[in-house]
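Structural description and commentary
This is what each chain is made of:
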Amino acid sequence: MHYIFEILPSLLSGAGMTLQIFLWTLVGSLPLGLVLSLGLISNIKPLQWLINFYVWLMRGTPLLLQLIVVFYGFPLIGIVFPRYEAALFAFILNYAAYFAEIFRGGLQSIDNGQYESARVLRLSYAQTIRKIVIPQVVKIVLPSVGNEVINLIKDSSLVYVIGLGDLLRAGNVATARDVTLIPLMLVGVIYLLLTAVTTFVLGRIEKHYSYWK
């Protein structure tokens, strides 16, 4: 226990970085994914092709590779990101592609009659999306979005590749220094706690929307 309390501050500091990556990725990728999903169902074919290519590229290549390209590859063409900003940029672009596909499926599940009814009521397209479509889409896509949110907690460990001091990196440093698996076991416990809290919050949100049957 003395050893655990000795290494816990460094692990919690790494967990703080993990939570920052997690929260800011959600803040950036969810709205971007929604905007991209509207482009995917638009009638503007060049826009559709461009967004489809972006989604294919982001979903078809590993996030680890994207992190390496952003931090180590972009400087070759004159675009330099600090480590933290590079991680956020790569994570937001990657997860926005996944959320775009999820939201697209939710948007396309809404019956066209609801759009026609909104036009009869003289609602603008923006009002129709905001007041009629999005509340229904949120309920439909919550389980799929929840799965991606859980994956994001675990994927945040990939930032070690560009030298950020996240939770897993803190555990690896302590393990290599002290030649014991206890730090990595604690890392696993902390990840389990983070996913447990996130699962609970997502469950409460799903329950909130359960009155729409």
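If you look the chain up in an unreviewed UniProt entry, it shows as Amino acid ABC transporter permease from Lactiplantibacillus daowaiensis. Per UniProt, the comment on the chain under Subcellular location (unreviewed entry) is "Cell membrane". The heading Sequence similarities (unreviewed entry) in the UniProt record of the chain holds the text "Belongs to the binding-protein-dependent transport system permease family."

This paragraph deals with the layout of surface pockets. In this structure, the largest pocket occupies an estimated 270 Å³ of space. Lining the largest pocket are 14 residues, with Leu-30, Leu-142, Val-145, Leu-202 and Ile-205 positioned closest to its centre. At the level of elements, helix H1 (2-40), helix H6 (125-155) and helix H8 (182-208) are the ones that each hand at least two residues to the lining of the largest pocket. Among the elements that make up the lining of the largest pocket, the one with the highest residue count is H6 (five residues). Among the residues forming the lining of the largest pocket, the class breakdown is 13 nonpolar, one polar and no charged.

This paragraph deals with the UniProt feature "transmembrane region" (unreviewed entry) in the chain. In the numbering used here, UniProt assigns the "transmembrane region" (unreviewed entry) feature to residues 21-41, 53-74 and 181-203. Annotation note: span residues 21-41, helix share 95%, strand share 0%, distance between end C-alpha atoms 30 Å. As annotated, residues 181-203 comprises 96% helix and 0% strand, and the C-alpha atoms at either end are separated by 33 Å.

The backbone of Arg-122 shows a phi angle near 65 degrees, a positive value even though the residue is not glycine. Summarising the element assignment, Arg-122 is placed in the loop between helix H5 (112-120) and H6. Phi at Val-179 is positive, roughly 50 degrees, even though this residue is not glycine. Along the chain, Val-179 turns up in the loop between helix H7 (167-178) and H8.

This next bit is on a nonpolar patch on the surface. A surface patch of nonpolar side chains, about 360 Å² in accessible area, is lined by Val-197, Phe-200, Val-201 and Ile-205. Looking at where Val-201 falls in the secondary structure, it is placed in helix H8. Residue classification places Val-201 among the partly exposed residues on the basis of a relative accessible area of 41%.

What follows covers the packing of aromatic side chains. Following the criterion strictly, the structure yields eight aromatic pairs and no others. Plain terms: the ring middles of Phe-74 and Phe-81 are 6.4 Å apart, the flat faces sit at 40 degrees to each other, and that makes the pair tilted. Ring plane angle 50 degrees and centroid distance 6.2 Å describe the contact between Tyr-95 and Phe-99, whose orientation is recorded as tilted. Of this pair, Tyr-95 and Phe-99 both sit in helix H4 (residues 83-108), four residues apart, roughly one helical turn. Per residue, the accessibility class of Tyr-95 equals that of Phe-99, and both read buried. Chaining the aromatic ring pairs together yields one cluster made of Tyr-95, Tyr-98, Phe-99 and Phe-103.

Moving on, we come to the side chain of Thr-195. Looking at the secondary structure, you find Thr-195 in helix H8. Apart from the residues lying within four places of it in its own chain, the contact partners of Thr-195 are Ile-150 and Ile-153.

The next subject is the environment of Val-187. The topology assignment puts Val-187 in helix H8. In this structure Val-187 comes out as buried when scored by relative accessible area, which is 2%. Between the C-alpha atom of Val-187 and that of Val-173, which follows or precedes it by 14 residues, the distance is 12 Å. Other than its neighbours up to four places away in sequence, Val-187 contacts Leu-11, Leu-167, Leu-168 and Gly-171.

Conventions we followed
- Residues numbered from 1 in each chain as written.
- Predicted model: local features only at pLDDT ≥ 70, side-chain atom pairs only at ≥ 80, totals over all residues.
- Heavy atoms only, no water.
- UniProt positions renumbered as here; feature names shortened; annotations may be inferred.
- 1 Å grid on protein atoms, 1.4 Å probe; cavity = no way out; pocket = protein on both sides within 12 Å on 5 of 7 lines; lining within 4 Å.
- Points joined across faces, edges and corners; volume = space filled by probe spheres on them.
- Helix = DSSP H or I, 4+ residues; strand = E, 2+ residues; numbered from the N terminus.
- Nonpolar A, V, L, I, M, F, W, Y, C, P; charged D, E, K, R; others polar.
- Patch = residues over 30% accessible without salt bridge, like charges linked within 9 Å, V, L, I, M, F, W, Y side chains within 5 Å.
- Areas by Shrake-Rupley, 256 points an atom, 1.4 Å probe, with all protein chains shown as cover.
- Salt bridge = Lys/Arg side-chain N within 4 Å of Asp/Glu carboxyl O.
- Buried < 20%, exposed > 50% of the residue type's maximum accessible area, 1.4 Å probe, protein only.
- Phe/Tyr/Trp six-rings, centres within 6.5 Å; stacked < 30°, edge-to-face > 60°.
- Contact = heavy atoms within 4.5 Å.

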